[in-house]
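A closer look at the structure
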Amino acid sequence: RPAPPPPRGPRLRPPPGTVREADLILHVVDAARDTRIEDYQAVMSTLDHEVFAGDEARPPIVDVLNKVDLIELEEVDVQAFHRPVFVSAKTGGNINELLSRVRSLLSEGKHSVSLIVPYGLMQDVYELARRERVQVRAYTGEGIEVEATLSSEDLAILLAKGGRISQAPSARGKRP
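Details of the environment of L26
Among the structural elements, L26 can be located in strand β1 (residues 25–30). By relative accessible area, which is 44% here, L26 ends up partly exposed. Distance in space between the C-alpha atoms of L26 and D63 is 6.3 Å, their sequence separation being 37 residues. Contacts of L26, omitting those with residues within four sequence positions, involve V62, V64, L98 and V102.

What follows is the structure, encoded as structure tokens:
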């Protein structure tokens, strides 16, 4: 298959390390453009040849076709995209499906837990909060109470360093 034409206009490229460290890539394509497939292929080519090397692990990619309020969906060759989510940012159409897909992908293989983390592990909590969902609930005599969605590896590290699982978030009643 022929290489896609170069994209029109200025090429705004984030540093490759930024994309490689992402948990998820939202690939937003303007569905109202006649060149939507070529635009999509140009970005995918950049990811394949300039950002990721060979078999390097990649974050999941969600193809988002925006501006569907401006077109007839029958005009779109959905086979050119990988399980696209059709949205309209202007009207908010189908945003809930997009959010559901993102939540699902980001929570794969993760555990939602409530933990008491000793104060000596504040730096660990800070580092986790930079890349995972961590919410401080309270400061107690034992340490910081957090609710978090963590990988098995991150959870095991915190537990090995002295953190302990407290009551599960879903089982907890409302706080006074």
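With respect to the pattern of salt bridges
In this structure the tally under the stated criterion is six salt bridges. Put simply, R58 and D48 hold a salt bridge, and the shortest N to O gap is 2.7 Å. Linking R58 in the loop between α2 (36–51) and β2 (61–66) with D48 in helix α2, this pair joins segments that are 10 residues apart in sequence. Notably, a salt bridge pairs D124 with K161, separated by 2.6 Å at the nearest N-O pair. Of this pair, D124 sits in helix α4 (residues 122–131) while K161 sits in the loop between α5 (152–160) and β7 (164–165), and the two are 37 residues apart along the sequence. Exposure remark for D124: the relative accessible area of 22% places this residue in the partly exposed category.

Reading guide: rules and limits
Residues numbered from 1 in each chain as written. Predicted model: local features only at pLDDT ≥ 70, side-chain atom pairs only at ≥ 80, totals over all residues. Heavy atoms only, no water. Helix = DSSP H or I, 4+ residues; strand = E, 2+ residues; numbered from the N terminus. Buried < 20%, exposed > 50% of the residue type's maximum accessible area, 1.4 Å probe, protein only. Contact = heavy atoms within 4.5 Å. Salt bridge = Lys/Arg side-chain N within 4 Å of Asp/Glu carboxyl O.

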